[in-house]
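Inside the fold
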Amino acid sequence: MSQFTVDSFIGKIEHVLKKETGKDIQDAHSNDIYYVIAAIVNEELIPQWEETKKKYEEKMCKQVYYLSMEFLIGSLLESNLLNCGMLDISNQALEKLGFKAEEVYGQEHDAGLGNGGLGRLAACFLDSLASLKYAGHGFGIRYRYGLFEQRIIHGNQIELPDNWLKDPYPWETRRADEAVSIDFRGEVNMFKKQDGNLEFKHENTDKVMAVPYDIPIVGYQNGVTNTLRLWSAEPVTTHEDFAEEDTNYYHELDHQHSIEQISGFLYPDDSQYEGKELRLKQQYFLVSASLQQIIKTYQQNNQKSLKHLAEKVVIQINDTHPTLAIPELMRILLDEEKFSWDNAWEVTTKVIAYTNHTTLSEAFETWPVEMMKQQLPRIYMIIDEINERFCKGIWFDHEALRDDIPELAVIADGQIHMARMAIVGSFSVNGVAKLHTEILKKQEMKHFYALFPERFNNKTNGITHRRWLLQANPKLSALITESIGPSWIQRPNQLINLLKYSSDQPFLEKVDQVKLENKQALAKHIHERTGILVDDQSIFDVQVKRLHEYKRQLLKVFHIMYLYDQLKVNPNMDITPRTFIFGAKAAPSYHLAKEVIKLIHKVASIVNNDPVIQDKLKVVFIENYNVSLAERIIPAADISEQISTAGKEASGTGNMKLMMNGALTVGTLDGANVEIKKEVGDQNIFIFGLTADEVIEYNNHGGYRAMDLYNSDDRISRILDQLNQGFGSDEIEFKDIYYNILYNNDPYFVLKDFEPYLETQEHVEQVYRDKLKWLSMSVTNIAYSGKFSSDRTIKEYATEIWKIKPV
């Protein structure tokens, strides 16, 4: 906890400002003050960070390393102030100095280290690890550019570079002395040793330096600071290399550029061979650098051989992207530590655990054998050996599964299947919601479940309530603390004590007032960003998430088009005004998703400018959705749209953030919605649509024809005809969406769920009119949201998978 008072903090700001910039406070800009406060926080943090490292070394405790291609950490100043116990003091000091805290903290660009739920989950996990005093660290890539900065021009998504590092990033520390070298390409030569064993040497390789940048991960007011280590790709080339006679200057520049591309940007477009190759290099770069560091740390801190690695180290791979950790650990143990195959495999399969994040079979990663052979020849040899031994094991030990070997083999049809390798080489395989885990066990990975039932387990995702409630919604947090005390901050399950206020009218009215103020703040932001005036008394109906067909933003748009058509026919229809709020990025090469964004904007341009409907509907798309924007939108939401096709969303975490802030869920029985429903009860959530079993039945056995619904339901045919024939004054057409729905047989069952969705939305409307009932449901959702804190999730990982205890 910080020892600052408001006055001493002001004095510190003035002192550091003068020292660093030469400015007095009256000459300073918000950006100057941002860097000054970041420097003050770092001054507090660094001794704590060093002390934490020292404590872990002295206690020789088991440490978990979380490998992920994404860490969507957002901006850190406000979060670090909160976790250091300095946020209130900082806010008061800034107010006294005449600065707006929101404007100062807003100077920080969100770190461009992730895209969606996968990366935000990793960030929440790091927060919980530190706050619960676990020895746990993240390893990722320091992307020079993030996914992209989204701009909307004439309704079209345009991708601009997300140059998040253009200004100095105050939280990172470069550790050039801990750089490691990584080998690509080259050839593998085999030698026979005197004892008859084979030795492999990887020679004539392309070398890349992985330089670490460390970011402190601060526990909540507990003195613990863990580390997120990000690797940056740099050339090994020195100035002397350029001076050599046979060096072509421009060739050398190209070579350096190709190396720097490895950590150049998140998720290169893999629709082309070069992009796919770059993704493979990124993944190996991450795991090789991380494993070299993990083993070096183990050897420095432990006297025991690497045979005992699993006693002190556990590596959690976040989805399949870091699966090359398995053959890379084998390579280090075999080639550098001279282990036998059996001993190396025993160590590897005790150290690595795998989290699966998808039920979409098309999202399971594969790599062409030839690409792997060319880029990572030694790694390919090890994967080939893993596959051979695994397939032989099935053939001899599991006769019943012999016919299924093509679906189980790590290498099949010229492709290396990463999810299969992750299961074969891990001691634990977990899904991220109960439904998701059951689908893996019974459908997508059923043969593997038959082979390794003891490896499969569920760990339902969670979110850090410190960021998503305490920091993002300070007024609601203050009201909760005033009512049930502050213990919920350390033990989020204590939020359940709010249930006794779920029928308390004075309390409900205070909750309503907080929601209104949050809606007013968001309405102001929307007007500043988009020029659209929205009614803060309207229902804020929110769908913010990555844009994908299975997440069904299209179903929401169809609902809006239907309501608009109804109002055009009957402008005096009795309807509670609604503001529909979207935030979403579509992958640059995902044409249909980008068409949906264009459709949202087309519908918005018509609806928002039609005087006939008397502002009863407004449609808002806020561009460049990110963590900082989510922190504005989520506290203001009335309705949380979680309407994915059942069985397609692994878990979802937006559903948890929104319920924690009092929004009511409209959702399918998908992902964690199932568990939210179980917690809050049927009467406090709005569920509709097909179940996962029904979707699977249709997909496996047919029986659904989208064309039948088009022909029999006038509402559906009207909406689809508008897409096909064009609507609005310029009659823009959306034929690709039309044809995908009707002639690709509506692969995500948008039309099938349309009528139940409309019925549910009518029910939502009726309930919202009973203000006290709605507020009671809202408070009930907040009360049960503690179950979905990442603190609970991390405790489950720690006790059931990692076998670690708080330090």
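The text that follows walks through the structure, step by step, so that each part is easy to find. Sequence order as written defines the numbering, with residues in each chain counted from 1. Where totals are concerned, whole chains, interfaces and linings use all residues; where local detail is concerned, this predicted model gives features only for residues with pLDDT of at least 70, and gives and counts side-chain atom pairs only at 80 or more. Values shown for side chains rest on all heavy atoms present in the structure; no hydrogens or waters enter the calculation.

Moving on: the overall build of the protein chain. Secondary structure elements follow DSSP: runs of H or I of four or more residues count as helices, runs of E of two or more count as strands, with numbering from the N terminus. A count of helical and extended segments in the protein chain gives 34 helices and 23 strands. Taking 2.2 N^0.38 as the reference for a compact globule, 807 residues should give roughly 28 Å; the C-alpha atoms of the protein chain span a radius of gyration of 27 Å, in line with that estimate. Judged by the C-alpha coordinates and their principal axes, the protein chain covers about 90 × 70 × 60 Å. Only protein chains enter the area calculation, which uses a 1.4 Å probe; residues under 20% of their type maximum are buried, those over 50% are exposed, and those in between are partly exposed. Counting across all 807 residues of the protein chain, residues that qualify as buried make up 60%. Only the protein chains shown count as cover for residues, with accessible areas throughout obtained via the Shrake-Rupley method and a probe of 1.4 Å. Of the accessible surface of the protein chain, which amounts to about 32600 Å², a share of 47% is contributed by carbon and sulfur atoms. Radius of gyration: over C-alpha atoms. The globule rule applied is 2.2 Å multiplied by the number of residues raised to the 0.38 power.

Our next topic: the pattern of salt bridges. Proximity of charged atoms lets side chains of opposite charge pair with each other. Just to be clear on terms, a salt bridge is a Lys or Arg side-chain nitrogen sitting within 4 Å of an Asp or Glu carboxyl oxygen. A full pass over the atoms with the stated rule returns 54 salt bridges. A salt bridge links Lys350 to Glu346, with the nearest nitrogen and oxygen atoms 3.0 Å apart. One end of the pair is Lys350 and the other is Glu346, both in helix 12 (residues 341–351) and 4 residues apart, which spans about a single turn. The partner of Lys475 in a salt bridge is Glu517, and the shortest N-O contact between them spans 2.9 Å. Taken together, the residues Lys475 in helix 20 (residues 474–484) and Glu517 in helix 22 (residues 505–530) connect sequence positions 42 residues apart. Residue classification places Lys475 among the partly exposed positions, given a relative accessible area of 43%. Connected through salt bridges with shared partners, the residues Arg175, Glu178, Asp214 and Arg229 form a single ionic network.

Turning our eyes to something else, we now look at the environment of Lys59. Assignment of secondary structure puts Lys59 in helix 2 (residues 30–59). Taking the C-alpha atoms as reference points, Lys59 and Val764, separated by 705 residues in sequence, lie 55 Å from one another.

Quick look at the sheet that holds strand 13 (residues 366–368) now. Spatially, 3 strands are ordered 13-15-14 in an open sheet, and the strand pairing comes out antiparallel. Two strands in the sheet have a free side with no partner beyond their single neighbour: strand 13 and strand 14 (411–412). A strand pair is defined by DSSP finding two or more bridges across the two strands. Of the pairings in the sheet, the one linking strand 13 to strand 15 (residues 415–417) comprises 3 bridges and is antiparallel in character. Looking at the pairing, Trp367 lines up with Ile416 of strand 15.

Right, let's talk about the sheet that holds strand 19 (residues 578–583) for a bit. Pairing is parallel across the open sheet formed by 6 strands, whose spatial order is 20-19-18-21-22-23. If you trace the sheet from one side to the other, it starts and ends with strand 20 (617–621) and strand 23 (686–687), each paired once. Note: strand 22 (residues 664–667) against strand 23, 2 bridges, orientation parallel. Looking at the pairing, Gly667 lines up with Ile687 of strand 23.

Moving on to the pairing of strand 8 (residues 198–203). Two elements, strand 7 (residues 187–192) and strand 8, share 6 bridges in a ladder whose sense is antiparallel. Bridging across to strand 8, Asn189 finds its partner in Lys201. If you look at the hairpin formed by strand 7 and strand 8, you'll find 5 residues sitting between the two strands, and Gly196 has a positive phi there, around 90°.

So, on to helix 14 (residues 377–397). Under the 1.5 Å per step criterion, the end-to-end length of helix 14 is 30 Å for 21 residues, consistent within 8% with the ideal 30 Å. Turning to helix 14, its buried residues number three or more, namely Pro377, Arg378, Ile379, Tyr380, Ile382, Ile383, Ile386, Asn387, Phe390, Cys391 and Ile394. Here, expected helix span is obtained from the residue count minus one, scaled by 1.5 Å.

We now examine the packing of helix 24 (residues 591–607) against helix 31 (residues 735–743). At a minimum axis separation of 9 Å, helix 24 and helix 31 run at an interaxial angle of 120°. In terms of orientation, helix 24 and helix 31 fall into the oblique class. Considering the relative orientation of helix 24 and helix 31, their crossing is left-handed. Across from His591, Leu592, Glu595, Val596 and Leu599 in helix 24, the residues of helix 31 making contact are Asp736, Ile737 and Asn740. Axis definition: a line fitted to C-alpha atoms, limited for helices to the stretch in contact. Angles are taken between N-to-C directions and run from 0 to 180 degrees. For classification, angles of less than 35 degrees are called roughly parallel, those exceeding 145 degrees roughly antiparallel, those between 65 and 115 degrees roughly perpendicular, and all remaining angles oblique. Crossing handedness is read from the near helix: turned anticlockwise from the far helix by less than a right angle, it gives a left-handed crossing, and turned clockwise, a right-handed one. Throughout, a residue-residue contact means that at least one pair of heavy atoms, one from each residue, lies within 4.5 Å.

So, on to the packing of helix 23 (residues 553–569) against helix 24. Taken N-terminus to C-terminus, the directions of helix 23 and helix 24 make an angle of 20°; their axes are 10 Å apart at the nearest point. Relative to helix 24, the element helix 23 lies roughly parallel. Along this stretch, helix 23 crosses helix 24, giving a crossing that reads as left-handed. Mapping the contact onto sequence places Gln553, Leu554, Val557, Ile560, Met561 and Tyr564 in helix 23 and Val596, Leu599, Ile600, Val603, Ile606 and Val607 in helix 24. Grouping the amino acids of the contact of helix 23 with helix 24 by side-chain chemistry returns 11 nonpolar, 1 polar and no charged. Gly falls in the polar group here, along with every residue not listed as nonpolar (Ala, Val, Leu, Ile, Met, Phe, Trp, Tyr, Cys, Pro) or charged (Asp, Glu, Lys, Arg).

The next point concerns the environment of Asp183. Its place among the elements puts Asp183 in strand 6 (residues 180–184). Under the relative-accessibility criterion, Asp183 is labelled partly exposed at 23%. Sequence-wise, Asp183 and His202 are 19 residues apart; in three dimensions their C-alpha atoms are separated by 8.3 Å. Ignoring sequence-local partners within four residues, the contact set of Asp183 consists of His202, Thr205, Asp206, Lys207, Tyr284 and Leu376. Reaching out from Asp183, the side chain makes a polar contact with the side chain of Thr205 at a distance of 2.9 Å. Pairs of N or O atoms within 3.5 Å make up the polar contacts considered here, provided that, within protein, one atom can donate a hydrogen while the other can accept it, and that residues adjacent in sequence are counted only when both atoms are side-chain atoms. At a separation of 2.7 Å, a polar atom in the side chain of Asp183 contacts the side chain of Lys207.

Looking now at the packing of aromatic side chains. The geometry of an aromatic ring pair comes down to the distance between the two centres and the angle between the two planes. For Phe, Tyr and Trp, where Trp contributes only its six-membered ring, two rings pair if their centres lie within 6.5 Å, and the inter-plane angle classes them as stacked under 30 degrees, edge-to-face over 60, or tilted in between. Applying the stated rule across the entire model yields 26 aromatic pairs. On the numbers, 6.5 Å between centres and 15° between planes, the contact of Trp341 with Trp345 is stacked. One end of the pair is Trp341 and the other is Trp345, both in helix 12 and 4 residues apart, which spans about a single turn. A relative accessible area of 21% places Trp345 in the partly exposed class. On the basis of an interplanar angle of 35° and a centroid distance of 5.0 Å, the ring pair of Tyr501 and Phe507 is categorised as tilted. Ring pairing ties together the aromatic residues Tyr66, Phe71, Phe125, Tyr797 and Trp802, which thus form one cluster. In this arrangement the basic side chain of Lys201 is found over the ring face of Phe191, its NZ or CZ atom lying 5.5 Å from the centre. Sitting above the plane of the Phe148 ring, Lys585 keeps its charged end 5.0 Å from the centroid. Placement of a charge over a ring requires the Lys NZ or Arg CZ to be within 6 Å of the ring centre, with the centre-to-atom vector within 35 degrees of the ring normal.

Once that is clear, we can look at unusual backbone geometry. Residues other than glycine seldom take positive phi values, yet Asp413 does so here, at roughly 55°. Structurally, Asp413 is set in the loop between strand 14 and strand 15. Residue Asp413 is classed as exposed on the basis of its relative accessible area, which comes to 78%. Positive phi values are uncommon outside glycine, yet Asp746 reaches one of about 45°. Tracing the backbone shows Asp746 in the loop between helix 31 and helix 32 (754–769). Asp746 sits in the buried class, given a relative accessible area of 1%.

Together, Ile153, Ile158 and Leu160 line one region of the surface with nonpolar side chains, adding up to about 230 Å² of accessible area. Mapped onto the secondary structure, Ile158 falls in strand 4 (residues 156–160). For Ile158, a relative accessible area of 32% gives the class partly exposed. To count toward a patch, a residue needs a relative accessible area above 30% and no salt bridge. Like charges then connect within 9 Å, nonpolar side chains (Val, Leu, Ile, Met, Phe, Trp, Tyr) within 5 Å.

If you trace the backbone, Asp638 turns up in the loop between helix 25 (627–633) and strand 21 (639–642). According to the relative accessible area criterion, Asp638 is buried, its value standing at 4%. Of the polar contacts made by the side chain of Asp638, one reaches the backbone nitrogen of Phe540; its length is 2.8 Å. When neighbours within four sequence positions are excluded, Asp638 is seen to be in contact with Lys515, Lys519, Ser538, Ile539, Phe540, Ala663, Leu664, Tyr768 and Trp774.

For the rest of this paragraph, the subject is the side chain of Ser30. By the element assignment, Ser30 lies in helix 2. If we ignore the near neighbours within four places in the chain, the residues touching Ser30 are Phe99, Glu103, Val104 and Gln107.

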